[in-house]
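# Notes for the structure review
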Amino acid sequence: MERITPHAVALSGLRKSYGDRPAVAGIDLLIAPGEVVALLGPNGAGKSTTVDLLLGLTPPDSGDIALFGQDPRRALAAGLVGAMLQEVTLLEDATVGEILTMIASMHRTPMPVDQALRLAGIGDLARRRAARLSGGQTQRVRLAMALVPDPGLLVLDEPTAAMDVTARREFWHAMGEFAATGRTVLFTTHYLEEAEAHADRVVLMREGTIVADGPVGAVMARVGGRTVTALVPGARPAELLALPGVVDARAAGDGHRVALRCSDSDGALRALLARHPGARDVEIRSASLEEAFVLLTGAGRAGEEVAAR
């Protein structure tokens with residue numbers, strides 16, 4: 001009989017409230033081994049609570065959680081799960097190598113410390129004390145700590161916070177190398193371009209529920225159409241919204257640049273140029289993940305922020 005491999009993550013009917021405020025309002029989520037999944041949502045969406053629940057850091061009010069078919073705490077103890085969390089404090093007087101060696105000693109089959117250092121891009125920091133690390137270096141050490149158990153599932157909470165552009169590029173190269181071995185990666189980020197570039201799948205949350213789940217391209221396609229941006233001197237978004245084929249119009253940056261989300265970009269562009277022959281620097285592109293994020297989660301409205309936990 002063929003053996004069925006359990007899901008890396010299986011959440012069913014998951015609920016968690018704080019007082020009378022529901023943080024997670026009954027979500028179901030399955031993540032197969034080998035997937036790279038971005039969990040996104042505006043402030044208060046329930047994203048961080050979901051991560052805490054699946055790692056066993058807080059108990060759910062109801063629902064079931066299984067990681068590789070096991071209880072979260074058992075899966076963590078077995079080294080099946082590694083987590084990179086922002087709240088982890090390093091031992092300031094210990095060196096990076098000492099910290100990782102200590103963590104490795106707690107696991108039966110850890111990844112060699114040298115390999116974890118290399119994957120995290122900090123091979124030159126093994127002898128540096130934690131107190132002397134920069135913010136970006138500290139993030140890399142947290143990544144190495146998550147890699148040491150040699151996990152099948154790696155959970156990353158805002159992993160590139162405090163990293164510069166070069167460090168972020170190197171980080172995602174390392175994650176690509178890790179995921180290429182068939183491991184599962186679940187990450188949260190407020191850099192939506194990271195999710196668009198590196199995730200196989202995105203899960204969008206709002207108000208404790210999942211509002212979209214699928215491959216990046218499929219989620220972007222849900223908002224439909226294309227976006228036309230142009231410099232249109234003297235035009236107001238409210239006026240442009242009346243053009244045929246335009247379903248949303250807004251200012252795009254400084255000056256007179258506008259962005260028109262269109263159900264018919266060709267018809268909208270013809271109408272725009274006929275009414276505003278002085279329009280210039282026209283660009284037409286498909287919907288981005290950021291636009292899908294805003295439209296599907298409501299981020300950016302009523303004081304919500306796009307960068308969210």
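Residues numbered from 1 in each chain as written. Predicted model: local features only at pLDDT ≥ 70, side-chain atom pairs only at ≥ 80, totals over all residues. Heavy atoms only, no water.

Another point: the overall build of the protein chain. Scanning the protein chain from N- to C-terminus turns up eleven helices and 13 strands. For the C-alpha atoms alone, the extent of the protein chain along its principal axes is close to 70 × 45 × 45 Å. For the protein chain, the residues scored as buried account for 48% of the 309 residues in total. When contacts within the protein chain are restricted to residue pairs at least 6 apart in sequence, those whose partners lie at least 24 apart make up 68%. With an accessible surface of roughly 14,900 Å², the protein chain has 50% of that area assigned to carbon and sulfur atoms. (Helix = DSSP H or I, 4+ residues; strand = E, 2+ residues; numbered from the N terminus. Buried < 20%, exposed > 50% of the residue type's maximum accessible area, 1.4 Å probe, protein only. Contact = heavy atoms within 4.5 Å. Areas by Shrake-Rupley, 256 points an atom, 1.4 Å probe, with all protein chains shown as cover.)

Attention shifts here to the sheet that holds strand β4 (residues 62–66). Sheet architecture is open: three strands sit in the order β2-β1-β4, paired in antiparallel fashion. Bordering the open sheet on either side are β2 (21–31) and β4, each of which pairs with just one other strand. Strand after strand, the sheet turns through a mean of 20° between neighbouring axes, direction not considered. Judged from the four bridges that link them, strand β1 (residues 9–18) and β4 form a sheet pairing that is antiparallel. Paired with Ser12 across the two strands is Asp64, which belongs to β4. In the packing of helix α1 (residues 47–54) onto the sheet, the strands contacted are β1, β2 and β4, and the crossing angle to β1 comes to about 120°. (Pairing = 2+ DSSP bridges. Axes fitted to C-alpha atoms, helices over the stretch in contact; angles between N-to-C directions.)

All told, the structure shown has ten salt bridges when counted by the stated rule. For Glu158, the salt bridge identified is with Lys47, shortest N-O distance 3.8 Å. Here Lys47 lies in helix α1 and Glu158 lies in the loop between β6 (153–157) and α6 (165–179), a separation of 111 residues in the sequence. By the burial criterion, Glu158 is buried, and Lys47 matches it. (Salt bridge = Lys/Arg side-chain N within 4 Å of Asp/Glu carboxyl O.)

Turning our attention to the sheet that holds strand β10 (residues 226–231). What the four strands build is an open sheet, ordered β11-β12-β10-β13; its pairing is antiparallel. The open sheet has two free edges, formed respectively by β11 (246–251) and β13 (280–286), since each of these has just one partner strand. Taken pair by pair, the neighbouring strands of this sheet meet at an average axis angle of 20°, ignoring direction.

So, about the nonpolar core. By size, the foremost hydrophobic cluster in this structure holds 55 residues, and its most contacted members are Leu40, Leu143, Leu156, Phe187 and Val202. Beyond its immediate chain neighbours, meaning those up to four positions away, Leu40 contacts Lys47, Thr189, Leu192, Ala195, Val202, Val203, Leu204, Met205, Leu289 and Phe293. One finds Ala8, Leu14, Ile27 and Ala75 within the second-largest nonpolar core, a separate group that totals 26 residues. (Core = buried A, V, L, I, M, F, W, Y, C linked by side-chain atoms within 4.5 Å.)

What follows concerns helix α3 (residues 96–104). Looking at α3, one finds that the buried residues are Val96, Gly97, Ile99, Leu100, Ile103 and Ala104. Relative to the axis of α3, the buried residues are bounded by an arc of 160° and lie together on one face. (Arc of directions from axis to C-beta.)

Applying the stated criterion to the full structure yields two aromatic pairs. Residues Phe171 and Trp172 carry aromatic rings whose centres are separated by 5.0 Å and whose planes lie at 90° to one another, so their mutual orientation is edge-to-face. Assigned by exposure class, Phe171 and Trp172 land together as buried. A connected cluster of aromatic rings, assembled from ring pairs, spans Phe171, Trp172 and Phe187. Positioned over the ring face of Tyr191 is Arg168, at 3.8 Å from the centre of the ring. (Phe/Tyr/Trp six-rings, centres within 6.5 Å; stacked < 30°, edge-to-face > 60°. Lys NZ or Arg CZ within 6 Å of the ring centre and 35° of its normal.)

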